[in-house]
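Coordinates in review
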There are 2 protein chains.
Amino acid sequence: MLKRSFEPARGRWMVPPVNSSGSTKERILGAAEVLFAQRGFDGASLRQLTAAAGVNLAAVNYHFGSKDKLVEEVFRRRLDALNERRLAALDRIAGAPETTLEDVLEAFIRPALDLSHDDSGALFMRVLARAFAEHDDTLRQFLSANYGHVMRQFTAEFARLLPQLSKPELYWRIDLVTGALTHAMSGFGMIQRKSDVSEHTHREQTAQHLIRFAVAGLSHP
Amino acid sequence: MLKRSFEPARGRWMVPPVNSSGSTKERILGAAEVLFAQRGFDGASLRQLTAAAGVNLAAVNYHFGSKDKLVEEVFRRRLDALNERRLAALDRIAGAPETTLEDVLEAFIRPALDLSHDDSGALFMRVLARAFAEHDDTLRQFLSANYGHVMRQFTAEFARLLPQLSKPELYWRIDLVTGALTHAMSGFGMIQRKSDVSEHTHREQTAQHLIRFAVAGLSHP
DNA sequence: GTTTGCAACAAACGACTGTTTGACGGCCCC
DNA sequence: GGGGCCGTCAAACAGTCGTTTGTTGCAAAC
């Protein structure tokens, strides 16, 4: 495959440095996040993964049952925390008369942006975007079943703040905003942090651009 | 992998119906487009692919040299036509004083939407989105080297029509619009064509939503 | 002090991968 | 009519894949 062109000439595959902290399960989850982001779910093999985590090959099947279950666990670990924070932020403002569109978008975007602060969180965002692209029905069902209610609650609040929009119109706009957010947060695009701006500043700029863009896209006449 | 859960209980993998029209090369390209969209570049094996195309396993390496070259050829075949039409449409309006933002977006979006009219074209859109998500540097270099000039020409025209925007600001907005378009055109989102609207109508609605959304996102104060 | 159960390990399993090989027929050109 | 080329083919190559096995060390429970 194309990606393999970047492997070193000798040595079958790059073995990232062994992470020797935490339990076996945690080391596997950490290494899985990195490798799934880099090479995809199929592309990352259990042998690469366990070597990177510094654990035995059989440990994945022992602790998680199968590679598929490991994938689900990688998602669950991050998304539980992420969506909890999103809903908490939404709860603080939902239904209030002074709540603005910016507030709701802030509640949705900020936790994701905070998550992508540290390196492994940023990698997870790429894992998530990859999952969207893979169009895998099993995974989509898993995500919809476990986290669909989050999107529904945000949609309800958007509907309250944009009463002039018909339901199909609102769905369309939310859909397009979602695409823009996924794109931006997974670092697909050409926008990269300049070396002369701090990570914090860059994240703040990203949030500002995203929110203003989303407000415009959602509420245009 | 997760996707394999959907394979039939017996029989190693689905063999799509044999397409017996056209030359061997064309049959391979057609089958590759379908299978790459369904299962990804790594996920689709040459044995599935050649079985679906009704050709011998060795035919891929004979006609294309390798699986990687086949991937490139799948892209080249569609993107050459797509970007030619985009640039032709842009040429007709670029620099003219009466040209609007909608016109430029129309020139960019319409050819892609037309391509995704037939089933195989729509599949290719998913292949393209998958390629973005794969973050594969070799593939990105290939796309940038062969089709980067298209994006540059459109960006220049956007810059002319939005002189009030700083360069970074413009890049940000184009980036976010790109994300929304990719998302929408690859059929990621929740928006699906209702059974009571024709394919043509649905495409027209998609174009309208996309363009109005993009105009709002690009030109908001 | 023995038993029980968890965790880790090397080694092997069968299946599937992309690619290469050498043979075989059909076609055109000299 | 004979010599090349071209496309196709079955078969094999050398790997990698996810998963399973049987065994070990070690700690807590009885």
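Predicted model only: the values in this text are computed from it and were never measured.

Let's shift gears to the protein's contact with DNA strand D. Around DNA strand D lies a shell of 18 residues, among which Ser45, Ser66 and Lys67 of chain A together with Thr24 and Asn56 of chain B are the nearest. Broken down by secondary-structure element, the contributors of at least two residues to the surface near DNA strand D are α2 (46-53) and α4 (67-93) of chain A together with α3 (59-64) of chain B. For the surface near DNA strand D, the leading source of residues is α2 of chain A, giving 3 residues. A breakdown of the residues in the surface near DNA strand D according to their chemical character gives 8 nonpolar, 6 polar and 4 charged.

In terms of nonpolar packing, the biggest core is built from 107 residues, with Ala32 of chain A together with Ala32 and Ala180 of chain B touching the most fellow members. Setting aside its immediate chain neighbours within four residues, alanine 32 of chain A contacts Leu49, Leu70 and Val74 of chain A.

With 21 residues, helix α9 (residues 199-219) of chain B extends 30 Å between its outermost C-alpha atoms, agreeing within 8% with the 30 Å of an ideal straight helix rising 1.5 Å per residue. For α9 of chain B, every residue scored as buried is listed here: Leu210, Ile211, Phe213, Ala214, Ala216, Gly217 and Leu218 of chain B.

Considering the arrangement of structural elements, one finds glycine 22 of chain A in the segment before α1 (24-43). Counting along the chain gives 144 residues from glycine 22 of chain A to serine 166 of chain A, while the straight-line C-alpha distance between them is 51 Å.

Residue and element names in this part refer to chain B. With respect to the helices and strands, leucine 57 occurs in the loop between α2 (46-53) and α3. On a C-alpha basis, the gap between leucine 57 and phenylalanine 124 in space is 23 Å, while along the polypeptide they are 67 residues apart. Apart from residues lying up to four places away in sequence, leucine 57 is in contact with Leu46, Arg47 and Thr50.

This paragraph deals with the environment of aspartate 80 of chain A. Here aspartate 80 of chain A lies in helix α4. According to the C-beta neighbour criterion, aspartate 80 of chain A is exposed, with 12 such atoms within 10 Å.

Okay, the packing of helix α5 (residues 101-115) of chain A against helix α7 (residues 137-161) of chain A next. All names here are of chain A. Packing of α5 against α7 leaves a shortest axis separation of 10 Å and a crossing angle of 170°. Here α7 runs roughly antiparallel to α5, going by the angle between their axes. Regarding α5 and α7, the two cross each other, and that crossing is left-handed. When α5 is examined against α7, the residues Leu101, Val104 and Phe108 are found in contact with a partner set consisting of Phe154, Glu157, Phe158 and Leu161. Of the residues contributing to the contact of α5 with α7, the split by class is 6 nonpolar, no polar and 1 charged.

Conventions adopted
- Residues numbered from 1 in each chain as written.
- Chains lettered and ligands numbered in written order.
- Predicted model: local features only at pLDDT ≥ 70, side-chain atom pairs only at ≥ 80, totals over all residues.
- Near = placed C-beta within 6 Å.
- Helix = DSSP H or I, 4+ residues; strand = E, 2+ residues; numbered from the N terminus.
- Nonpolar A, V, L, I, M, F, W, Y, C, P; charged D, E, K, R; others polar.
- Core = buried A, V, L, I, M, F, W, Y, C linked by C-beta atoms within 7 Å.
- Buried ≥ 20, exposed ≤ 12 C-beta atoms within 10 Å, placed from the backbone.
- Contact = placed C-beta atoms within 7 Å.
- Expected span 1.5 Å × (residues − 1).
- Axes fitted to C-alpha atoms, helices over the stretch in contact; angles between N-to-C directions.
- Parallel < 35°, antiparallel > 145°, perpendicular 65-115°, else oblique.
- Left-handed = near helix turned anticlockwise from the far one by under 90°.

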